[in-house]
Amino acid sequence: MHKKTPETVIVVDFGSQYSHLIARRIRELNVYSKIVSYKITPEEIKQMNAKGIILSGGPASVCVSDAPHCNNKVLFTDIPILGICYGLQLGSQILGAKIKPSKNREYGKTKCTVKDHSSLFDSIDKTISVWMSHGDQVLELPDDFQSLAYTENCPYAAIRHKKKEFYGVQFHPEVTHTPSGSQILHNFLFKICHCTGDWSMSSYIDRSIKEIQEQVGRERVICGLSGGVDSTVTAAIIYKAIGSKLACIFVDNGLLRSNESECVIETFKKNFKVDLHFVDASDRFLNRLSSVSDPEQKRKIIGHEFIDVFKEESKKLADINYLAQGTLYPDIIESISAHGGPTAKIKSHHNVGALPAELGFELVEPLKDLFKDEVREIGSELGLPDEIIWRHPFPGPGLAIRIIGEVTEDRLEILRYADEIMINEIQSAGLYKKIAQAFAVLLPVSTVGVMGDERTYENVIALRAVDTLDFMTADWVRLPHDLLAKISNRIINEVRGVNRVVYDISSKPPSTIEWE
């Protein structure tokens with residue numbers, strides 16, 4: 001099957017927590033980017049229509065023997081390269097520079113002085129603020145190199161090779177703490193790599209439709225539907241590609257939010273003309289989760305039970321060989337070591353990896369290279385209503401991972417009611433679209449309270465609201481105190497069995513967005 005590959009800047013991942021940010025910043029500049037393993041070969045790079053290569057940062061030291069190391073020939077592909085932090089150190093080391101642990105490590109914001117304003121630093125001020133995070137640095141550069149910038153503790157904060165298109169920056173241009181970072185990346189993409197900047201959501205949709213048509217031909221496709229933006233956009237783009245040959249299965253696992261099943265069915269009847277199959281499997285899931293508290297075990301049970309239910313329902317639909325899923329790029333990155341790289345697995349995602357072997361279907365995943373905000377853009381391009389596009393994400397395991405500890409029907413009812421109150425009040429305050437995700441969590445502890453002059457010993461609800469673009473990093477939302485007070489007051493007064501409400505003020509990292 002022939003696929004037209006867009007011009008691409010690849011991000012070679014050495015385990016940096018910022019690799020995904022590099023990819024996002026490039027896409028924001030209308031150039032397609034893809035994260036790949038540091039084990040990639042020069043031949044594979046050439047097949048990707050790579051216009052540029054970025055070597056990411058990483059937690060390792062190039063001075064140790066077991067540090068991740070790319071194929072040296074990657075530096076000799078005649079494709080422009082930008083090394084960031086570890087990428088600068090490794091690339092310059094391969095090209096003859098000497099690296100050593102620095103006496104004065106640099107972490108955080110640092111003033112950087114630019115010596116050369118051509119190419120990489122075009123339109124950049126002489127003195128800029130940059131974000132440093134390194135323990136090693138270049139000790140000595142060969143004559144083939146030129147220093148472009150320096151800081152008080154780092155004489156080679158930016159460098160270039162005089163004969164090859166290799167550039168390096170010791171700081172991180174991809175983070176917002178480097179205000180000029182976007183312009184530096186822009187210069188690399190358009191002045192050094194000579195990208196055209198023709199990648200957009202509309203072009204992605206057109207290409208995806210053609211790929212879906214080539215992949216499935218005239219055959220039918222089943223879409224596992226949750227009603228969230230990911231699976232809905234997946235259904236919409238596949239429907240645009242194959243029309244009535246798409247069938248959707250929506251499984252109510254008993255772990256959904258208040259009135260969610262009714263809302264999903266109504267929304268799809270109103271906006272789509274697809275073959276929708278509804279399965280109420282609430283009792284099955286709750287029985288399987290009985291007495292289970294471990295979060296990974298919950299995820300696996302829910303994933304396997306979903307497979308069984310889906311398998312049973314799909315048998316009622318004859319001659320279907322393809323399964324569509326709303327898998328996103330962050331799902332893949334968090335579920336496995338990114339593309340074979342050194343990054344660590346964070347948690348299991350029930351829709352990544354297991355379904356093809358279990359169900360015998362070939363996967364159709366039109367969103368697997370996209371981040372959440374890009375999916376919303378596609379939804380808008382496809383004309384989906386705002387109530388779908390801006391609906392806050394909901395995890396596949398549902399409320400099971402927002403109930404810390406055992407999942408029971410009583411605990412589900414407590415959480416549903418508290419969650420509904422929180423969302424309703426955020427919507428009433430006009431803040432829903434300004435928040436990436438908001439939800440309530442039921443904690444596995446009880447606390448002492450006083451209600452009507454009587455002692456109570458009841459449940460605690462934690463509220464969580466985060467701000468993020470890509471869901472790979474997130475910060476907690478500074479909700480107005482009056483709003484928090486109103487939500488807390490309503491929950492304690494209206495939700496029987498709750499006498500305390502707390503607010504989660506942790507960011508990702510080090511925390512995750514969900515509690516389990």
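Residues numbered from 1 in each chain as written. Predicted model: local features only at pLDDT ≥ 70, side-chain atom pairs only at ≥ 80, totals over all residues. Heavy atoms only, no water.

### Examining helix 1 (residues 19–28)
An α-helical segment advances 3.6 residues per turn. Residues three or four places apart therefore align on the same side. Selection rule: Summary of the burial criterion: residues with accessible area below 20% of their type's maximum are buried, those above 50% are exposed, and those between are partly exposed, where the area comes from a 1.4 Å probe applied to protein chains only. Note on conventions: DSSP H or I runs of at least 4 residues are helices, E runs of at least 2 residues are strands, and numbering of each starts at the N terminus.
Burial within helix 1 is extensive, with nine of its 10 residues counted as buried. Among the residues of helix 1, S19, H20, L21, I22, A23, R24, R25, I26 and R27 are the ones counted as buried.

### Some remarks on the UniProt feature "binding site: ATP" (unreviewed entry) in the chain
Filter applied, for reference: UniProt positions are given in the numbering used here, feature names are shortened, and annotations may be inferred rather than shown by experiment. Note on contacts: a residue pair qualifies if any of its non-hydrogen atoms lie within 4.5 Å across the two residues. Polar contacts here mean pairs of N or O atoms no more than 3.5 Å apart (in protein, one a potential hydrogen donor and the other a potential acceptor; neighbouring residues in sequence count only if both atoms are side-chain atoms).
In the UniProt entry, the feature "binding site: ATP" (unreviewed entry) is given for S226, G227, G228, V229, D230, S231 and T232. Locating V229 in the fold gives a position in helix 6 (residues 229–242). Mapped onto the elements of the fold, S231 is located in helix 6. Given the relative accessible area of 5%, S231 is considered buried. S231 has contacts with C223, G224, L225, S226 and G326, leaving out every residue within four places of it along the chain. A distance of 3.0 Å separates a polar atom in the side chain of S231 from the backbone nitrogen of S226.

### Considerations on the UniProt feature "active site" (unreviewed entry) in the chain
The sites that carry the UniProt feature "active site" (unreviewed entry) are, in the present numbering, C85, H172 and E174. In three dimensions, the annotated residues from a span of 90 residues occupy one location, with a maximal C-alpha spread of 11.2 Å. The residue H172 is located in the loop between strand 9 (166–169) and helix 4 (181–192) in this model. The exposure class of H172 is buried, given its relative accessible area of 3%. When neighbours within four sequence positions are excluded, E174 is seen to be in contact with Y18, L21, I22, R25, I84 and L185.

### Details of the nonpolar core
Quick reminder of the rule: Put simply, buried Ala, Val, Leu, Ile, Met, Phe, Trp, Tyr and Cys residues joined by side-chain atoms within 4.5 Å make one nonpolar core.
Of all hydrophobic cores here, the largest spans 50 residues; its most connected members are I426, I461, L463 and I491. Counting residues per element, this core draws most heavily on helix 14 (residues 409–428), at eight residues. Discounting residues that sit within four places of it in the chain, L463 has contacts with M422, F439, A440, L484, I487, I491, V501, V502, Y503 and D504. If you look at the next biggest cluster of nonpolar residues, it comprises 38 residues, including I84, C154, A158 and M472.

### Brief notes about the pattern of salt bridges
Condition: Definition used for salt bridges: Asp or Glu carboxyl oxygen within 4 Å of a side-chain nitrogen of Lys or Arg.
The final tally for this structure, using the stated rule, is 26 salt bridges. One salt bridge connects E312 with R284, and the closest N-O pair in it is separated by 2.8 Å. Here the residue E312 occupies a position in helix 9 (residues 295–314), and R284 occupies one in helix 8 (residues 282–288), the gap between them amounting to 28 residues. Take E312: its relative accessible area is 43%, and that puts it in the partly exposed class. For R490, the salt bridge is made with E494, and the minimal N-O distance between the two is 2.8 Å. Remark: E494 and R490 occur in helix 15 (residues 481–494); sequence separation between them is four residues, near one turn of the helix. Judged by relative accessible area, E494 falls into the partly exposed class, the value being 32%.

### Thoughts on the sheet that holds strand 10 (residues 220–225)
Heads up, the rule is: At least two bridges found by DSSP between two strands are what make those strands a pair. Fitting a line to C-alpha atoms yields each axis, with helices limited to the stretch in contact; the angle taken between N-to-C directions then spans 0 to 180 degrees.
Spatial ordering of the open sheet is given by 12-11-10-13-14, a layout of five strands whose pairing is parallel. Strand pairing shows two members of the sheet lacking a second neighbour, strand 12 (275–280) and strand 14 (362–364), which therefore form its edges. Shown here is a sheet whose adjacent strand axes are inclined to one another by a mean of 30°, direction ignored. Summarising the sheet, strand 13 (residues 320–324) and strand 14 pair through three bridges and their orientation is parallel. Its bridge partner lying in strand 14, Y322 is registered against E362. Across the sheet, helix 5 (residues 201–216) touches strand 10, strand 13 and strand 14, and the angle it forms with strand 14 is around 165°. Sitting on the sheet, helix 7 (residues 260–271) touches strand 10, strand 11 (246–252) and strand 12, and the angle it makes with strand 12 is about 170°.

### Quick notes on the confidence of the model for the chain
We count it as follows: Values of pLDDT, ranging from 0 to 100, describe the predictor's confidence in every residue of the model.
Mean pLDDT over the chain: 88, with 93% of residues reaching 70 or higher. In the model, residues 336–354 has pLDDT below 50 throughout and makes 46 contacts with residues more than four positions away in sequence or in other chains.

### Details of the packing of aromatic side chains
Rules: The rule is short: rings of Phe, Tyr and Trp, with Trp giving its six-membered ring, pair when the centres are within 6.5 Å, and they are stacked under 30 degrees, edge-to-face over 60, tilted in between. Cation placement over rings: the criterion is NZ of Lys or CZ of Arg within 6 Å of the ring centroid and within 35° of the ring normal.
Per the stated rule, a full pass over the model turns up eight aromatic pairs. Taking the centre distance of 5.4 Å and the plane angle of 45° together, the rings of Y32 and W199 count as tilted. Here W199 lies in the loop between helix 4 and helix 5 and Y32 lies in strand 2 (residues 32–37), a separation of 167 residues in the sequence. Like W199, Y32 is buried. Seen in terms of ring centroids, F306 and F310 are 5.4 Å apart; in terms of plane orientation they differ by 40°. Their pairing is tilted. Of this pair, F306 and F310 are both found in helix 9, four residues apart, which corresponds to roughly one turn of the helix. Of the two residues, F306 and F310, neither departs from the other in class, the shared state being buried. Connected via pairs of aromatic rings, a cluster forms that spans F14, Y38 and Y86. Lying over the aromatic face of Y32, R207 brings its terminal NZ or CZ to 5.9 Å of the ring centre.

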